[in-house]
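Residue-level structure breakdown
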Amino acid sequence: MLAADSALLHETDPVALHDTDPVPLHETLSERKRRFEQWVLPHFDAAYNLARWLTRNDHDAQDVVQEAVLRAYRFFDGLRGEAKPWLLSIVRNSFLTWLHINRPAETVGFDDGAIDLIPTDADGPEILAARSFDRKMLNEAIAALPLQFREVLILRELEDLSYKDIARIADVPIGTVMSRLARARRLVAQSLGATSNISGTQVHK
Amino acid sequence: MTREEAARLLHAYIDGELDPVKSLELEAHLAENPSVRAACERLRGMSAAIRDKADYHPAPAWLEARVRAAIPAGPENVSAPWWRWLKPAGSFSAAADWLRPAASFAAVALVTWVVALGTMRPSEDERITQEVLASHVRATLANRFYDVASSDQHTVKPWLSARLAFSPPVADLSASGFELVGGRLDYIGAQPVAVLVYKRRQHLIDVFVWPVEAQKTEQTLAHDGFNIERFARNGMGFWVVSDLSRNELDDFVRLLAAP
């Protein structure tokens, strides 16, 4: 654990054990389905977006999301707190299952905490004047990130989730979320910087 | 604040995740250091560019429709609640009508039985299970896991021995990925006991230890999302409580119980 983690918000929040509405006792199945649709399905796009960025193609994302939502329905009574991070953690688990079966080679090291890199240096000149980034190159740079960096970046920048929620979804401590996010941004910047340097050289030759 | 620390906290700062005190310290540092300030601005630009330009993939409408249709709403759902059978349902066949009074009777009998169970005195094991679980949850809620914080078994063991009538065995399992983080005292089953606290990733494992007379059988329990295991070795009883997965906790107990 990093020494300065206590500087982060939420780090010492107690775990909320029972902070959701109780399940109605005499709920029929159609009522249960309606409640599920009301609470969980508003986050269907978020689920798809995460699955799409994890699998990097539409076809597999569709499979992963369908599996995840059906799984979520089975475990709906276990929902505690907010539905969005809960659903996204199920999407991630479904994705890992899918990955394990379909791309076993890519699972190597994904859950290995040893990969974490602690940012030690100031974000130097490789972080460029970012507004000028080319949209296509930026998307390619994110898609090329290793999984554990890609997922935190998507959850933070595209789903606007807190470190605390991301930590729950990615099943890592909050300090690890911060270091992975820092690493993810630096890797994207480096890959864009490298690309633009190359093209810059060509233009000014 | 050092330059290194400022650089490290910049990400949490631009994400609005830094606590107010550190934010003020960092802002003071930024005011004095134009180069760090520039790095901060580049980082904000980077974050804004990703939000602005990275593709957001909304789900195709047909997929949502397909998934909605696939969610079971009929009685074929395997996880149907048992009380469904007590309720009148239009789809029931006439043959099922006679089942309903029978089911009601069975339910009354079941309730009577459960109430009778509840009023009986819990066994000693159940009481201890409740007590170790309560101790673990209390420590988690209060964020106070140990009275002595140390990863060194030679610090934790004497500290506990000095305060108890026995000397608990303290194993170093760090080589297997279970890091000792400290120890505390608690009062379980009407006696003071030692609690060794280990850590696996962000999961804490409480090991309650006290002397026992008989060799109790090994047992695994699950309770409210926590896994509880218990065993006895060399005259000591061990109760292990954690929210760690069953498999990993099994590994831990195997290591702990190894002679």
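The structure we're discussing is the one just above.
To start, this report covers the structure provided alongside it. None of the values given here were measured: they were computed from a predicted structure.

Moving on, we get to the packing of helix H1 (residues 3-14) of chain B against helix H3 (residues 34-53) of chain B. The description of two packed helices rests on the angle between their axes and on the distance between the axes. All names here are of chain B. In contact at an axis separation of 10 Å, H1 and H3 are set at 30° when each is read in the N-to-C sense. With respect to H3, the axis of H1 lies roughly parallel. Between H1 and H3 lies a crossing of right-handed hand. Every residue of H3 that contacts H1 at Arg3, Ala6, Ala7, Leu10, His11 and Ile14 is listed here: Val36, Ala39, Cys40, Leu43, Arg44 and Ser47. Considered class by class, the residues forming the contact of H1 with H3 number eight nonpolar, two polar and two charged.

What follows concerns the nonpolar core. In terms of nonpolar packing, the biggest core is built from 69 residues, with Ala47, Ala51, Val65, Val91 and Val177 of chain A touching the most fellow members. With ten residues, the top contributor of residues to this core is helix H8 (residues 174-204) of chain A. Ignoring sequence-local partners within four residues, the contact set of alanine 51 of chain A consists of Ala61, Val64, Val65, Val91 and Phe95 of chain A. Ranked by size, the runner-up nonpolar core spans 32 residues in total, among them Leu160, Val197, Val240 and Leu244 of chain B.

In contact at an axis separation of 10 Å, helix H3 (residues 58-74) of chain A and helix H4 (residues 61-70) of chain B are set at 35° when each is read in the N-to-C sense. Viewed along their axes, H3 of chain A and H4 of chain B form a crossing whose handedness is right-handed. Taking contact as the criterion, the partners of Gln62, Val65, Gln66, Val69 and Leu70 of chain A in H3 of chain A are, on H4 of chain B, Leu63, Val67 and Ala70 of chain B. Residue classes in the contact of H3 of chain A with H4 of chain B are distributed as six nonpolar, two polar and no charged.

Here we take up helix H8 (residues 246-257) of chain B. Residues and elements named next belong to chain B. The end-to-end C-alpha distance of H8 is 16 Å, a good match for the 16 Å that twelve residues give at a rise of 1.5 Å each. Among all positions in H8, only Leu249, Phe252, Val253 and Leu256 are buried. Projected onto a plane normal to the axis of H8, the buried residues spread over an arc of 95° and lie on a single side. Seen from the buried face of H8, the exposed residues on the opposite side, beyond 90 degrees, are Asn247 and Arg254. Among the structural elements, strand E4 (203-211), strand E6 (226-233) and strand E7 (236-242) are those in contact with the buried residues of H8.

The next subject is helix H2 (residues 44-55) of chain A. All names here are of chain A. Here H2 spans 16 Å end to end across twelve residues, near enough to the 16 Å set by a 1.5 Å rise per residue. Along H2, the residues that are buried comprise Ala46, Ala47, Tyr48, Asn49, Leu50, Ala51, Arg52, Trp53, Leu54 and Thr55. Positive backbone phi, at 65°, marks arginine 56, one or two positions downstream of H2.

As a further point, take unusual backbone geometry. Positioned with a positive phi, aspartate 160 of chain A is a non-glycine residue whose angle comes to about 55°. When you line up the elements, aspartate 160 of chain A lands in the loop between helix H6 (147-158) and helix H7 (163-170). Exposure remark for aspartate 160 of chain A: the 11 C-beta atoms within 10 Å place this residue in the exposed category. Phi angles above zero are rare outside glycine, and alanine 190 of chain B is one such case at about 65°. Locating alanine 190 of chain B in the fold gives a position in the loop between strand E2 (179-188) and strand E3 (191-200). For alanine 190 of chain B, a count of 8 C-beta atoms within 10 Å puts it in the exposed group.

Bringing the pairing of E4 of chain B into the picture now. Residues and elements named next belong to chain B. Most of E4 sits inside the fold, with seven of its nine residues counted as buried. As paired elements, E3 and E4 share seven bridges and run antiparallel to each other. Residue pairing for E4: lysine 199 is matched across the bridge by leucine 204. The antiparallel pairing of E3 with E4 creates a hairpin that spans two residues between the two strands, and arginine 201 there sits at a positive phi of about 50°. Summarising the sheet, E4 and E7 pair through seven bridges and their orientation is antiparallel. Paired with proline 211 across the two strands is methionine 236, which belongs to E7.

To continue, consider the pairing of E7 of chain B. Residues and elements named next belong to chain B. Burial analysis of E7 places six of its seven residues in the buried class, the great majority of the element. In terms of strand pairing, E6 meets E7 through seven bridges, oriented antiparallel. Looking across to E7, one finds that isoleucine 228 is bridged to valine 241. Hairpin connection of E6 to E7: two residues between the antiparallel strands, including asparagine 234 at a positive phi of 50°.

Cut-off values and rules
Residues numbered from 1 in each chain as written. Chains lettered and ligands numbered in written order. Predicted model: local features only at pLDDT ≥ 70, side-chain atom pairs only at ≥ 80, totals over all residues. Axes fitted to C-alpha atoms, helices over the stretch in contact; angles between N-to-C directions. Helix = DSSP H or I, 4+ residues; strand = E, 2+ residues; numbered from the N terminus. Parallel < 35°, antiparallel > 145°, perpendicular 65-115°, else oblique. Left-handed = near helix turned anticlockwise from the far one by under 90°. Contact = placed C-beta atoms within 7 Å. Nonpolar A, V, L, I, M, F, W, Y, C, P; charged D, E, K, R; others polar. Core = buried A, V, L, I, M, F, W, Y, C linked by C-beta atoms within 7 Å. Buried ≥ 20, exposed ≤ 12 C-beta atoms within 10 Å, placed from the backbone. Expected span 1.5 Å × (residues − 1). Arc of directions from axis to C-beta. Pairing = 2+ DSSP bridges.

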